Amino acid sequence: MKRILSLAVALVAVAASSYAQLDPSKIKSISISKTNSNAAITATREIGRSSLECVYKAEYPEKGDGEVRSKEDRMILQIDGGVTKFYSHYDFALDSLRKADRDGFITNMNNLKHGTKCCIYRDRPEAGRMILTDAVGSMYYRVEEEIPEQEWTIGDQTREVLGYECRRADCDFRGRRYTAWFAEEIPASVGPWKFGGLPGLIMAVSDSEGEYTFEIIGLQSAERPIEYADRNYINATREKYLRQKHLYVNDPVGYGVRAGDMKIELVDGETYDPEESGTAIEMMETDYKH
């Protein structure tokens with residue numbers, strides 16, 4: 001129980017440090033309720049074996065000191081024919097450390113790199129479909145949809161990425177304008193996140209505002225299992241998931257308080273009441289109402 005409380009305090013303190021309205025030094029106690037959490041993994045299944053693994057440097061917006069700033073992540077794209085998995089190496093490493101050495105995990109919480117918990121599976125549960133799983137607060141969501149198509153316009157401009165000559169392609173997709181660079185030399189019609197449909201591996205892609213970017217920094221042939229974690233997911237539409245995620249990323253502590261996952265008592269005897277958290281982060285997909 002003491003370990004669980006220490007972990008909870010550490011997690012809240014890390015999140016709180018990003019919000020000017022909640023100073024961690026003013027926290028007296030934290031009550032955590034995970035009664036309704038569906039984070040527990042019920043089974044892990046091998047759904048394929050990668051033949052190619054790509055490492056992307058990803059940048060996306062997050063809140064810091066009440067302002068929006070750019071966060072860096074390391075994303076892995078595992079490719080096995082049609083089946084792919086896209087996930088955060090930072091989150092995978094963090095979860096591995098938490099399982100192997102919980103005390104060390106808690107002690108070094110502030111020094112560890114955190115990544116997104118979002119995983120995207122292409123051609124699952126069947127060909128032509130896509131599954132996204134992600135944590136929103138203490139709850140894990142699952143979104144299934146048809147593999148989305150991007151209507152790319154391929155140009156003549158080229159640039160070198162990781163030693164490969166790449167061609168430029170542009171598209172409008174779910175509220176943003178993107179420029180991608182793909183390598184025809186690598187015959188994989190996929191890329192990071194939900195991108196695909198070009199005659200070669202997508203090596204780099206960014207939106208026109210420079211808020212969301214992916215660029216490959218590593219590429220290797222590697223036969224490793226592609227795994228899917230079973231949980232008692234909340235099955236949701238894409239729009240419902242995005243609305244909840246938008247609320248969470250703009251104030252994770254406040255989201256937890258409102259959801260009843262936590263209660264924070266301040267040193268002055270007051271109970272923390274979440275406030276509006278300033279400039280809002282817009283999701284990568286903006287074609288929904290929130």
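Scoring rules and cut-offs
- Residues numbered from 1 in each chain as written.
- Predicted model: local features only at pLDDT ≥ 70, side-chain atom pairs only at ≥ 80, totals over all residues.
- Heavy atoms only, no water.
- Helix = DSSP H or I, 4+ residues; strand = E, 2+ residues; numbered from the N terminus.
- Contact = heavy atoms within 4.5 Å.
- Expected span 1.5 Å × (residues − 1).
- Buried < 20%, exposed > 50% of the residue type's maximum accessible area, 1.4 Å probe, protein only.
- Arc of directions from axis to C-beta.
- Phe/Tyr/Trp six-rings, centres within 6.5 Å; stacked < 30°, edge-to-face > 60°.
- Lys NZ or Arg CZ within 6 Å of the ring centre and 35° of its normal.

(A) Local environment of the environment of F214. Along the polypeptide, F214 turns up in strand 13 (residues 213–221). Counting along the chain gives 140 residues from F214 to R74, while the straight-line C-alpha distance between them is 9.3 Å. In this structure F214 touches Y56, K57, A58, F86, P192, W193, F195, M203, A204, V205 and M284, once residues within four positions along its chain are discounted.

(B) Examining helix 2 (residues 89–100) more closely. In a regular helix each residue adds 1.5 Å, so 12 residues correspond to 16 Å; helix 2 covers 16 Å between its end C-alpha atoms and thus fits that length. Listing the buried residues of helix 2 in full gives Y90, D91 and L94. Summarising the axial view, the buried residues of helix 2 lie within an arc of 95 degrees, below the 170-degree limit, and thus occupy one face. Turned more than 90 degrees off the buried face of helix 2, the exposed positions are K99 and A100.

(C) Broad picture of the packing of aromatic side chains. By the definition in use, this model includes 12 aromatic pairs. Arranged with centres 6.4 Å apart and planes meeting at 75 degrees, the rings of Y56 and F86 form a pair that is edge-to-face. Taken as a pair, Y56 in strand 3 (residues 52–64) and F86 in strand 5 (residues 83–88) lie far apart in primary sequence, 30 residues in all. Pair check on accessibility: Y56 and F86 agree, each one buried. Counting every residue linked through ring pairs, the aromatic cluster contains W152, F173, Y178, W193 and F195. A cation sits over an aromatic face here: K85 above Y87, 4.8 Å from the ring centre. The ring of Y140 carries R231 above its face, with NZ or CZ at 3.8 Å from the centroid.

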